[in-house]
Amino acid sequence: MSDPASWTAAEKAAFETRRRSRNKALGILLAALTLLFFGITMVRMVPPSGEVQARLQAEKPGWDGR
């Protein structure tokens, strides 16, 4: 691509449109990853159900599910 200082108004507008589009895509990706990590964290914080907890207590005496 040529020197940005020599771009025409149409070339500058096209560049800004592409940049805006890329920034929106990256923003959506960042938000999706943030929600994914938050969801995984919330699921891991929930104590296991009674059946799973009983099995874990049998495997690891003294484990209380926290």
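The structure under discussion appears in the preceding block.
Every value quoted in this text rests on a predicted model; they were computed, and no experiment measured them.

Conventions adopted
- Residues numbered from 1 in each chain as written.
- Predicted model: local features only at pLDDT ≥ 70, side-chain atom pairs only at ≥ 80, totals over all residues.
- Heavy atoms only, no water.
- Helix = DSSP H or I, 4+ residues; strand = E, 2+ residues; numbered from the N terminus.
- Buried < 20%, exposed > 50% of the residue type's maximum accessible area, 1.4 Å probe, protein only.
- Areas by Shrake-Rupley, 256 points an atom, 1.4 Å probe, with all protein chains shown as cover.
- Salt bridge = Lys/Arg side-chain N within 4 Å of Asp/Glu carboxyl O.
- Phe/Tyr/Trp six-rings, centres within 6.5 Å; stacked < 30°, edge-to-face > 60°.

Draft legend 1. Representation of the overall build of the chain in the model. Of the regular secondary structure elements, the chain holds 2 helices and 0 strands. The buried share of the chain, reckoned over its 66 residues, is 6%. By element, 65% of the accessible surface of the chain is carried by carbon and sulfur atoms, the whole surface being about 5800 Å².

Draft legend 2. Geometry of the pattern of salt bridges. The tally for this structure, following the rule as stated, stands at 1 salt bridge. A salt bridge links Glu16 to Arg19, with the nearest nitrogen and oxygen atoms 3.8 Å apart. Of the two residues, Glu16 and Arg19 both sit in helix H1 (residues 9-45), 3 residues apart, roughly one turn of that helix. Glu16 sits in the partly exposed class, given a relative accessible area of 33%. Given a relative accessible area of 36%, Arg19 falls into the partly exposed group.

Draft legend 3. Spatial organisation of the environment of Pro4. Inspection of the secondary structure assignment puts Pro4 in the segment before H1. C-alpha of Pro4 to C-alpha of Phe15: the two residues are 11 residues apart in sequence and 9.7 Å apart in space.

Draft legend 4. Region of the structure containing the packing of aromatic side chains. The final tally for this structure, using the stated rule, is 1 aromatic pair. Aromatic pair Trp7 and Phe15: ring centres 5.0 Å apart, planes at 55 degrees, arrangement tilted. Trp7 sits in the buried class, given a relative accessible area of 12%.

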